[in-house]
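Spelled out from the first residue to the last, the chains are:
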Amino acid sequence: MAEQLMKYSEAVKKFDPVIGLETHVELSTNTKLFCPAPISFGAEPNTELTPVSLGLPGSLPVINEAAVDYAIKLGLALHCQINEWSQFSRKNYFYPDMPRDYQISQYDKPTNGEGYLDVELEDGTVFRVPIERAHIEDDAGKNTHVGGADGRIEGADHSLVDYNRAGVPLIEIVTKPIEGAGDRAPEIAGAYMRAIRDIVRALNISHARMEQGNMRADVNVSLRRNPSDPFGTRSETKNVNSFRGIERTIQYEIRRQAAILDKGGEILQETRHWDEASQATAGGRVKSDADDYRYFPDPDLVMLHITPEHVDEIRKQMPEMPRERRNRLKGEWNFSDIEMRDVVNADALDLIEETVKLGATPAGAKKWWLGELSREANAKGVALEELDITPQAVADVERLIADGKLNDKLAKQTVAFVLKGEGTPEQVVEAHGFKVVSDDGALQAAVQEALDANPDVVEKLKGGNMKPMGAIIGAVMRATKGQADAKAVTKIVMEKIKG
């Protein structure tokens, strides 16, 4: 039975939404958090295991030093307090994909304490998201439900468990309650998650591929009548793995909870799940509080001691952060706010920057990556970076255009053949005999033929009406098989009609 929903605009007028995000970022270390088992996406199920990741009796964990350094880097990027002493605890609960029956996490003594992240919204507004902690923990395995619809547990005949992911290092970034967001709560959450992704990629600590589970979020939503009231009862929608899904989860939960509260009902503190097909959340289990997990210090792991000197050494290695980088490149490339926003939204910033470094103009690089190549990626349903073309190839095409060896039409054909795997732009040009007709005599003849065949167009051009020029250029292009230079054709036409 479909749940009753209030209109979003009405819900945010009647209630003050408070949101919170628990973002799980899978670290791109070579091995797991507490053992030397390798990590690779898509490996055969249950092949990347050790006694430690299976929780076998007598096996002892040893901390992955690289994972700790990655956590410190992220803590610095989020303006967190890096704690000199931190501790791992056992979080006790049963899931079939958690072989130890407890998760090793950090509770009251996390590596990274309070911090914040300033996120920029579509209209340029900057909103500060408060961070409560960014702690280290290991991941669970993965369940695959067989026989149900869309791999869901409802209606499944049986379930399969893959423990490869068990023990993969994670950082969980927990925000404080985000207040004051109002009707922009979904937008703020989306902008925050995109900023986290950009940061971890810039730090080179995670691939942050949401579709592969490298990054996902638990989304908390509660409502109250007035900002001065205590927080309302929250729902927690688990493991949402897309930016749009996070935004729509918040919208849906605000509408759902508002409808319940407006009729005098109560919100159940529970976990929920976002269903992309129905664009709705569905109830899960009653949500436990922290004390229900019976946290206690893991007796097999000593406390982490992170010296101020070590933090300073890592601070010196920190790269330029994404927001500062975007602002710098926007100025260097002379892009408007809207142009840079389009670049960022298309996930094309790295590709354009690399293309420019290889010799293309910023405008030319943007034209290709946000034009022909973006359409190709959308048609194939892949990311831009997954296309079979490199920034070097795009820069080479731009160079061939600048050298007068290709016009726009031939350049598009060249790119199309590169995408089909026919080689570099130079190899494609040679194989297909692409060549701009630069012989003045040949162009003169083709233009004259086009003018003779279109006397009505000639009269309009002589009268100062330039709109029909395209007809002449098109005729010349057909005569030269698309190899004429449009600017040269226009120049010859103007010379002829002026006598």
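Residues numbered from 1 in each chain as written. Predicted model: local features only at pLDDT ≥ 70, side-chain atom pairs only at ≥ 80, totals over all residues. Heavy atoms only, no water.

In the nomenclature of an unreviewed UniProt entry, the protein chain corresponds to Aspartyl/glutamyl-tRNA(Asn/Gln) amidotransferase subunit B from the organism Bifidobacterium pseudolongum subsp. pseudolongum. As recorded by UniProt, the Sequence similarities (unreviewed entry) comment attached to the protein chain reads in full: "Belongs to the GatB/GatE family. GatB subfamily." Under the UniProt heading Subunit (unreviewed entry), the entry covering the protein chain gives this text: "Heterotrimer of A, B and C subunits." (UniProt positions renumbered as here; feature names shortened; annotations may be inferred.)

S.K.: Can you help me understand the overall build of the protein chain in this one?
M.R.: The helix and strand tally for the protein chain stands at 17 helices and 15 strands. Relative to its full complement of 499 residues, the protein chain shows a buried share of 47%. Carbon and sulfur atoms make up 50% of the accessible area of the protein chain, which amounts to about 24800 Å² in all. (Helix = DSSP H or I, 4+ residues; strand = E, 2+ residues; numbered from the N terminus. Buried < 20%, exposed > 50% of the residue type's maximum accessible area, 1.4 Å probe, protein only. Areas by Shrake-Rupley, 256 points an atom, 1.4 Å probe, with all protein chains shown as cover.)

S.K.: I keep staring at helix α13 (residues 425-432) and nothing clicks. Help me out?
M.R.: Since the α-helix turns once every 3.6 residues, residues separated by three or four places project in the same direction. Every buried residue of α13 is listed here: Pro425, Val428 and Val429. Seen from one end, α13 has its buried residues packed into an arc of 100°, which puts them on one side. Pointing more than 90 degrees away from the buried face of α13 are the exposed residues Glu430 and Ala431. In the core, the buried residues of α13 are packed alongside α11 (391-402) and α12 (408-419). (Arc of directions from axis to C-beta. Contact = heavy atoms within 4.5 Å.)

S.K.: Hey, could you run me through the packing of aromatic side chains in this one?
M.R.: How two aromatic rings sit relative to each other is given by the distance of their centres and the angle of their planes. Going through the model one piece at a time under the given rule, you end up with 4 aromatic pairs. Between the aromatic rings of Phe34 and Phe88, the centroid separation amounts to 5.5 Å while the plane-to-plane angle is 85°, which identifies the pairing as edge-to-face. One end of the pair, Phe34, is in the loop between β1 (16-26) and α2 (65-77); the other, Phe88, is in the loop between β2 (85-86) and β3 (89-92), and 54 residues separate them in sequence. When sorted by exposure, Phe34 lands in the same class as Phe88, which is buried. Each ring, one from Tyr293 and one from Tyr295, has its centre 6.2 Å from the other, and the planes form 75°; the classification is edge-to-face. By relative accessible area, Tyr293 is classed as buried at 9%. (Phe/Tyr/Trp six-rings, centres within 6.5 Å; stacked < 30°, edge-to-face > 60°.)

S.K.: Honestly, the nonpolar core in this entry has me stumped. Any pointers?
M.R.: Generally speaking, nonpolar side chains in soluble globular proteins are found buried as a group. Ile173, Tyr192 and Ile246 are the most contacted members of the largest nonpolar core, which has 74 residues in total. Among the elements that take part in this core, helix α3 (residues 185-203) stands out by supplying 11 residues, more than any other. The contacts of Tyr192, once residues within four sequence positions are left out, are Leu21, Thr23, Leu117, Val119, Val129, Ile131, Ile173 and Thr175. (Core = buried A, V, L, I, M, F, W, Y, C linked by side-chain atoms within 4.5 Å.)

S.K.: Explanation requested: the confidence of the model for the protein chain in the structure shown.
M.R.: Note: predicted coordinates in regions of low pLDDT should not be interpreted at a detailed level. Mean pLDDT over the protein chain stands at 89; residues scoring 70 or higher make up 90%. Element-level pLDDT for the protein chain is lowest in helix α14 (residues 440-453), with a mean of 68, against a maximum mean of 98 in α2. (pLDDT = per-residue confidence, 0-100.)

S.K.: Any chance you could explain the sheet that holds strand β4 (residues 102-105) here in plain terms?
M.R.: Within a sheet, each strand pairs with its neighbour through backbone hydrogen bonds, oriented either parallel or antiparallel. Within the open sheet, the 3 strands sit side by side as β4-β3-β14. Their pairing is antiparallel. Looking at the sheet topology across the chains shown, the edges are occupied by β4 and β14 (296-297). Sheet topology note: the β3/β4 ladder contains 4 bridges and is antiparallel. By the bridge assignment, Ser89 is partnered in β4 with Ser105. (Pairing = 2+ DSSP bridges.)

S.K.: Just to check I follow, could you spell out the pairing of strand β6 (residues 126-138) for this structure?
M.R.: One face of the sheet, then the other: side chains in a regular strand alternate in exactly this way. Inspection of the sheet shows strand β5 (residues 115-120) paired to β6 by 6 bridges, in the antiparallel sense. Bridge pairing links Val119 to Phe127 in β6. Following β5, the chain reverses through 5 residues before pairing antiparallel with β6; Gly124 in that reversal takes a positive phi of roughly 90°.

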